[in-house]
Every structure is written in structure tokens, then in C-alpha cells.
Amino acid sequence: MKPLVEIRNLRAGIDGKEILKGINLTINSGETHAIMGPNGSGKSTLAQVIAGHPAYEVYEGEVLFEGENILELEPEERAQKGIFLAFQAPVEIPGVPLLEFLKTALNELREARGQEPVDTMSFLSKTRELAKEIIGKEEVIYRGVNEGFSGGERKRNEILQMRLLEPKFAVLDEIDSGLDIDALKLVAKHINEMRNPERAFLLITHYYRILEHVKPEKVHILYDGKIVRSGDYNLALEVEEKGYDWLLESVKA
Amino acid sequence: MPEEVQKEIEEVLSRDYEWGFVAPIEEEVAPPGINEDIIRYISEKKEEPEWMLEWRLKAYRIWKSMWERGEEPHWAYAHYPPIDYQSISYYAAPKKRPKYGSLEEVDPEIRRMFEKLGIPLEEQKALAGVAVDAVLDSVSVATTYRKKLEEMGIIFMSISEAIREHPDLVKKYLGTVVPPGDNFFAALNAAVFSDGTFVYVPPGVKCPIELSTYFRINAARTGQFERTLIVADKNSYVSYLEGCTAPMRDEHQLHAAVVELIALDGAEIKYSTVQNWWTGDEEGRGGIYNFVTKRGLCAGKNSRIMWVQVEVGSVITWKYPSTILKGDNSVSEFYSVAITNKRQQADTGTKMIHIGKNTRSRIVSKGISAGYGNNTYRGMVKILPSAENARNYTQCDSMLIGNNCGAHTVPSIEVRNPTAVSEHEATTSRIGEDILFYCRQRGLDEEKAIELIISGFAKEVLRQLPMEFAVEARKLLSISLEGSVG
């Protein structure tokens, strides 16, 4: 297995406040990792820094993607390399139909990779089909991006986009929050369907319940900007049973 | 027009019409200043008949008394130093062209925009004022079209030509919708107008082409006091497009145009504008002052007037394309997208004056403010007692980019007939870093992302534009906002 993503001693923050205090993490192709941790531990910051949100500052360290440091790249260049972020709070883009948005995005990605634009008709039928399956109604693709979508529909829309854009590395930032159990299972199903030896996932979550359906290879606990414990799926189970306090006590000890 | 209607119109409109300007002058010909001799000089240069000179002189006297009474309007949401009208030169011979030997001498900023808009090389040269050897395709195309139009009885020529060749038509309609005394700037324009366009479409004729799409290079040469008169006779149709997406620079800072549209029974006029005059530098220095009076008269039953405007340029815009819905069952629509960036100030909107029965109007205004720009929607819907069952719908949306710009909405609705209905909706939104980052995370660069967001916001307006201009206009919107986000 070769490393797809290597994060080395990453220190980053926002407005001069350091939030990530030296993260080290390697994710191989084909793996799914989960990052858990209490509020404020830096989980979302890690997601934003990987995707390149301009408000965040990187003080030290590297994020290698397929061996190349991506920290100097623009967000769209990272996306073009195959990095996808499912947002914790997806925004609304009024008046821009979801179908047009997705087609534009996919064609931008394809152009950057030297590929032909996608065939309009087959893209339309695929998008309709997936929208029906994932969001429950195909007519949403003609509405503005997330315009009038409920919180749950926005999360499902992130999964729809991930399926259509087919990234190599997907970071899912609290994709499970605000979803009922059926929606959660559906999201997990689509993640599982996409898993293959070339692709990797990083799931950021507070809760064990999505992991039960996805079963990640590795689980990391983030606390105060550092990974304080890594393990397999059983670590998530342990946190579920005993809470974070137990773990943090043992870290401090 | 019957006198009482004319009075009513004047009463409704004149008090609100005001503006202001400023003007450094770099060029030539007529000595600076305005007086009766200058008016005579202009009229003589243009070889006008006596009646036209009298018309101008009358307008000048109106303007002069307005000026003496201090009636230059200052109510718009725009700030600029006082204008010295005696320092402006009011007549310049057709501009000496070319100014440049090759395209390389033209401001790189302008060339970059030409390229982004995808304007053909030969047209770029003509627009920028570079010497062109080859005969421009569009010129010969224009000649061909003009012949075809003549065969159909359509008159389409400069207003100076029309004054000489079709004096009866011009006399009958000139100043009937925007009388010289309408407002300070309309009076100034009536006194000194340089040139403009005249269109007459005879009864039952549908003009087969978009007037002036092939005409855009000529449009680049329009003067600072332009005058346009379009008359659509019974059951005729015409679509006219003014302006151009390419950036226009001009040595004259003060522009005061007048446009009059007249639609008789069953006639339809569509008037589209793409305005991209020089905005000035980051501090707004040198930008054009664009003070325009545009008004249409739905004179006949079942007539229809549509205004579509994409306002991107000028440092100060004062412009309210309006319609008087006089004929029963007449319809008017106003679609506008206005951008203010850098130090631009735009005070723009419309007036819909309902007089006839069952008249309907629809207003869709989209204002986008960025940089230190200020964008004001100023609208008036007036439903007179005679307007049984009149309907109006107004939608007025503002988008803010950054924290230093402003959006203002000044609607006025007056309904004097109990059977009438007027609806008004307004929203304000913001393009922030987060929405932009979302798009970029999906693979769109900043320019594409802005183009997409803005075209979504302005969709209802852009889709009213003639097809070939809609694409350019969409690009133009995103280019003019480049670098303003994040």
C-alpha cells in the first residue's frame, strides 16, 4: 500500500491563534480513517487546511498528496488533483441550478486533467438517478444549489456531489450530524460503494454511530490540536462506551 | 398628446428628475462655455433647419433659467464636486481617429478585457481607436442591412440625418416624451445634443434584426450628449441595443443622454443597454458621469415597452428608464443589473406611471456592490385614478461583496385607484469568502466562481438580453468584479 496523504508536523490556525499543534498522519490508498474528538479539538480546522481555506494560516509542516506538498496550491488546484471536502455547513448559491453547478465543476476538474468535457446527456441521466436515490427527488437538480434545502438535504447533497466528482481523497466533515438513522445508513452505503484500492476517506465525526456502518481501518483521537491516540475500529467503540474523559485522563497520566 | 396628460406627466416626473456632474475637458473645437452663440454654432455645424435651431434655443433658455434658479438636482445618492458648466466644451467635430498606430499602444488593461470578452481582433482595433487597413466586415454588413431595412420602410439613421431627411417625423415626436423642460439635464441635452439615433418602424412591420448589434463599433463613437428617438407605429416591433461590452473611454467626463421611445397601438419596443464606460481608477478619478433621461410612452392600446439594462461602467450613474403606460392594456417591463465596484456610485431604477386601464408593469432590479461602491435602487410606481385594474410587480435584490460597499433601496409606490394591485419584494445577500471557497473546493477558479454566482443572481435580467450579448454580458459582470472578493 502506498501513502496517498501524509501530514507531517502540521501546525496551523486562524487569526493568529494556533489550533493544530503538530499533526502527523498517513493515509494509504484504499483506507478509510476516522478522526474523533471533543468540540474545539481542531477537527474542522484540519479539514479546512487540507482543502486550502484562505482564512487559515499554516505555520509549519507539510501536507503531501501523492508525494507532493499541496499547501502552496490554490483550493481549486487541490480539488483538481482529486481532493474533495464534504462541508459541515454547505452554503447556498441562489439561482445557480445544482445541475449546472455540478457540470461546471466536473468539467473544470476534467479540463485540468486534460480530459474532454463530460457528455451532457449521460451526465444528466446519471445526476438525476443519483439525486433521486440520495436526496429523494430528482427535481432538486434544477433548483439553486442548496436553495431551500433542509440541513439533512444539504448533507445528502454533499454525498451526491462526491459521487459525481469521484475524488481520490474525500474528507467528510461531520457528514453524520443532523441525519436520522435512515439517512445515515444511506450515506454510509454510498461511502462504502465508493471504497476501492485507489481511493481514501477521512471521516470527521463526534459520534460512533456512522463508524458502525462504515467500519474504518483506523481511528484517531484529536485533542487540543494533536492526535493523542490512534487505533483500529475498537478505539471508536471504547470511546463510545467510556467517553473522551477516560481517554484524556489516560493521555495526561 | 393631450395637454392634460402632458401636464400630468410633467407634474409626476419633473420634480423627481435631477442630477449633477463635473467635467474637466481636454479637447478642442468649440470654446468652453454655453451661451446662445454656441447653440447657433452647433446647429450651423450640423446644417440644421431653422426650426431645429429654435427648438434648441428654447431648450437652452429653459436650462439657463433652471441653472440661475439653482435647480440642478442633488438628491441622488452620489457625491461629486460641483460641475462648472462654463468650463465644458459643447461641440467637438467627429473625433479624430485613429489615436494609435497599433494595438500594442493601447492600455494593457483594456486589451486584457478585450481578450477576455473574446472580441475579434479587427473590432478591438476599431473600438480602441487603432488605424485599421482592412474595411471592417461590420461596415459592409451595416450597409447591406440598411438597404434591406429601407425596403421594409424602416428608417434607421443618425438623428442629424433624420432632422434633414425626415423633418416631419422628427418634429412630430421629438421632445414629446421627454420635453426639454423635463429636468435640468434633459434641458441641457436638448440644447446641445451632439448626435444619436432615429428609428421609425412603419405600421405592421416587424424589424427582422436586432438593431445595432452589428452596429456596435459605430456605437463606440457616440458623443457625450446623445439623443435617441424610436417610434414604433401601429402593430410594429423593434428591438434596439445600445452600447457595448467593451470598455469605453472618453475624454469627456460629463455624459447626459436622452432617449425617447414611442409605441403606438399594438406596437412593441425592446430597448437593451450594455453600459461599460470608464469607471475611473481605484479612487474613481477620471470616471464618466452618466446622467441619462430615458423614457418610453406606451401611447397606444396593447402597446409594450421593455427596458433591459446591464450597467457596469461609469463612476457616477443617474438613470431611471421609465415608462408611461397611457394606452389601455399596455405593458412595460424593466430588467436591470447594475454593478458598482471601486468608487462607483450608481443611483438607478425606474418609474412606471400607470394611466390606462388594465396596464401592467414588472420591475426586476439586481444591484451588486463591491469595493467602495454604492448602489441605489430608486423606483417609483404610480397608479393614477384612471388606471382601473392596473398591476405592478417589483422585485429588487441587492448583493454585497466585501464590507466597504453599500446597497440602498428607495422605492415609492403611489396607488390612486382602488382596483389596482402593486407588489414589492426585496432581498439583500452577500458573497462571502465561504461561498467562494465552496465553489473553489469543487474545482472552479475564482473568476469562474464569481461568474457563476453573479449569473445566478442576475439570471432573470441576463436572459432578457439578445442571445449573443447575454454571454458577453455574463463575462463582463464577472470581469468587473475580479479581485473584489476575499
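The rules behind the values
- Residues numbered from 1 in each chain as written.
- Chains lettered and ligands numbered in written order.
- Predicted model: local features only at pLDDT ≥ 70, side-chain atom pairs only at ≥ 80, totals over all residues.
- Heavy atoms only, no water.
- pLDDT = per-residue confidence, 0-100.
- Helix = DSSP H or I, 4+ residues; strand = E, 2+ residues; numbered from the N terminus.
- Contact = heavy atoms within 4.5 Å.
- Phe/Tyr/Trp six-rings, centres within 6.5 Å; stacked < 30°, edge-to-face > 60°.
- Buried < 20%, exposed > 50% of the residue type's maximum accessible area, 1.4 Å probe, protein only.
- Lys NZ or Arg CZ within 6 Å of the ring centre and 35° of its normal.
- Polar contact = N/O pair within 3.5 Å; in protein donor to acceptor, adjacent residues only side chain to side chain.
- Salt bridge = Lys/Arg side-chain N within 4 Å of Asp/Glu carboxyl O.
- Pairing = 2+ DSSP bridges.
- Axes fitted to C-alpha atoms, helices over the stretch in contact; angles between N-to-C directions.
- 1 Å grid on protein atoms, 1.4 Å probe; cavity = no way out; pocket = protein on both sides within 12 Å on 5 of 7 lines; lining within 4 Å.
- Points joined across faces, edges and corners; volume = space filled by probe spheres on them.
- Nonpolar A, V, L, I, M, F, W, Y, C, P; charged D, E, K, R; others polar.
- Left-handed = near helix turned anticlockwise from the far one by under 90°.
- Core = buried A, V, L, I, M, F, W, Y, C linked by side-chain atoms within 4.5 Å.

S.K.: Can you help me understand the confidence of the model for chain B in this one?
M.R.: Parts of the prediction with low pLDDT should not have their coordinates interpreted in detail. All names here are of chain B. When pLDDT is averaged along chain B, the result is 84, and 81% of the positions lie at 70 or above. Within chain B, helix α10 (residues 216–219) has the poorest average pLDDT of any element, 40, and strand β11 (residues 322–325) the best, 98. Throughout residues 132–141 the model reports pLDDT below 50, and contacts reaching past four residues in sequence, or to other chains, amount to nine contacts. Predicted confidence for residues 213–222 stays below pLDDT 50, and this span has 32 contacts to residues more than four positions away or in other chains. Reported confidences for the modelled complex are a pTM of 0.81 and an ipTM of 0.97.

S.K.: Even after reading the chapter, I still don't get the packing of aromatic side chains, so can you show me in this structure?
M.R.: Any two aromatic rings considered together are summarised by their centre-to-centre distance and by the angle between their planes. All told, the structure shown has 22 aromatic pairs over all chains when counted by the stated rule. Judged by centre distance (5.7 Å) and plane angle (75°), the ring pair of Phe87 of chain A and Phe437 of chain B falls under edge-to-face. In this pair, Phe87 of chain A is assigned in the loop between β6 (83–86) and β7 (93–97) and Phe437 of chain B in helix α11 (residues 433–441), connecting two distinct chains. The pair formed by Phe87 of chain A and Phe437 of chain B is uniform in burial state, with each residue classed as buried. Between Phe87 of chain A and Tyr438 of chain B the ring centres are 4.9 Å apart and the planes differ by 50°, which places this aromatic pair in the tilted class. In this pair, Phe87 of chain A sits in the loop between β6 and β7 while Tyr438 of chain B sits in helix α11, so the two residues belong to two different chains. Members of the aromatic cluster, connected to one another through ring pairs, are Tyr60, Trp63, Trp67, Trp75, Tyr80, Tyr85, Phe184, Phe185, Tyr289, Phe291, Trp318 and Tyr320 of chain B. It is Arg56 of chain B that lies over the ring of Phe193 of chain B; its NZ or CZ is 4.0 Å from the centre. When the ring centre of Tyr372 of chain B is taken as origin, the NZ or CZ atom of Arg343 of chain B, which lies over that ring, is 4.2 Å away.

S.K.: Explanation requested: the side chain of Lys382 of chain B in the structure shown.
M.R.: With respect to the helices and strands, the residue Lys382 of chain B is situated in strand β15 (residues 374–383). Here Glu414 of chain B takes part through its side chain, which lies 3.2 Å from a polar atom of the side chain of Lys382 of chain B.

S.K.: Which parts of the structure should I look at to understand the pattern of salt bridges?
M.R.: Pairing between side chains of opposite charge can happen when their charged atoms approach one another. Residues and elements named next belong to chain A. Scanning the model with the defined rule gives 40 salt bridges over all chains in all. With a closest N to O distance of 3.0 Å, Arg11 and Glu18 form a salt bridge. Classification of Arg11 by relative accessible area gives partly exposed; the value is 24%. When salt bridges with common partners are traced through the structure, they connect Glu133, Arg163, Lys189 and Glu193 into a single cluster.

S.K.: Could you clarify how one ought to interpret the pairing of strand β7 (residues 268–275) of chain B in this entry?
M.R.: Remember that side chains alternate between the two faces of the sheet whenever the strand is regular. Residues and elements named next belong to chain B. Within β7, seven of the eight residues are buried, leaving the element largely enclosed by the surrounding structure. Pairing between strand β4 (residues 237–243) and β7: seven bridges, direction parallel. Within the sheet, the bridge partner assigned to Tyr240 lies in β7 and is Tyr271. Two elements, β7 and strand β9 (residues 304–311), share eight bridges in a ladder whose sense is parallel. Across the sheet, residue Glu268 finds its bridge partner in β9, namely Arg304.

S.K.: Help me understand the sheet that holds strand β18 (residues 421–431) of chain B, please; the structure alone is not making it clear to me.
M.R.: Strand pairing within a sheet occurs via backbone hydrogen bonds; the two strands may be parallel or antiparallel. All names here are of chain B. Strands sit in the order β4-β7-β9-β12-β14-β16-β18 across an open sheet of seven strands; the sheet is parallel. Each of the sheet's edge strands pairs with one partner strand only, and the pair in question is β4 and β18. The sheet shows a mean angle of 5° between the axes of neighbouring strands, taken without regard to direction. In this structure, β9 lies alongside strand β12 (residues 331–340), joined through eight bridges in parallel fashion.

S.K.: What's the story with empty space enclosed by the protein in this structure? I'm lost.
M.R.: Over the atoms a probe the size of a water molecule is rolled, and this reveals where empty space is left. Applying the stated criterion to the full structure yields two cavities of 30 Å³ or more. Each pocket or cavity is described by its volume, and for the largest cavity that value is around 60 Å³. Around the largest cavity, the lining is made up of 13 residues, and of these Ser365, Lys366, Gly367, Asn375 and Tyr377 of chain B lie nearest the centre. Mapped onto the lining of the largest cavity, the elements with two or more residues apiece are β12, β14 (360–369), β15 and β16 (391–401) of chain B. Here the residues of the lining of the largest cavity sort into three nonpolar, eight polar and two charged. Of the volumes computed, that of the second largest cavity is approximately 50 Å³. Around the second largest cavity, the lining residues are Ala79, Gly82, Ile83, Phe84, Leu109, Arg113, Leu165 and Pro167 of chain A together with Gln441, Arg442 and Gly443 of chain B. Its residues assigned to classes, the lining of the second largest cavity comprises six nonpolar, three polar and two charged.

S.K.: Looking at this model, I keep getting lost on the packing of helix α3 (residues 50–68) of chain B against helix α9 (residues 184–192) of chain B. Mind explaining?
M.R.: The packing of two helices is summarised by the inter-axis angle and the distance between the axes. Residues and elements named next belong to chain B. Where α3 meets α9, the closest approach of the two axes is 7 Å, and the angle between their N-to-C directions is 145°. Where α3 crosses over α9, the two elements pack in a sense that is left-handed. Residues Trp55, Arg56, Ala59, Tyr60, Ile62, Trp63, Met66 and Trp67 of α3 form the contact with α9, whose own contacting residues are Phe184, Ala187, Leu188, Ala190, Ala191 and Val192.

S.K.: Can you walk me through the nonpolar core in this structure?
M.R.: Counting 123 residues, the largest nonpolar core has Ile93 and Phe169 of chain A as the members making the most contacts within it. In this structure, Phe169 of chain A is in contact with Leu4, Val5, Ile27, Ile50, Phe65, Gly82, Ile83, Phe84, Ala200, Phe201 and Leu202 of chain A, ignoring residues within four places of it in sequence. If you look at the next biggest cluster of nonpolar residues, it comprises 60 residues, including Ile38, Phe184, Ala191 and Phe225 of chain B.

S.K.: Which parts of the structure should I look at to understand unusual backbone geometry?
M.R.: Residues and elements named next belong to chain B. A positive phi is found at Asn235, a non-glycine position, where the angle reads about 55°. Here Asn235 shows up in the loop between β3 (226–232) and β4. Overall, the relative accessible area of 43% leaves Asn235 in the partly exposed class. A positive phi angle, close to 70°, is found at Ser314, a residue other than glycine. You can see Ser314 is positioned in the loop between β9 and β10 (316–319). Given the relative accessible area of 1%, Ser314 is considered buried.

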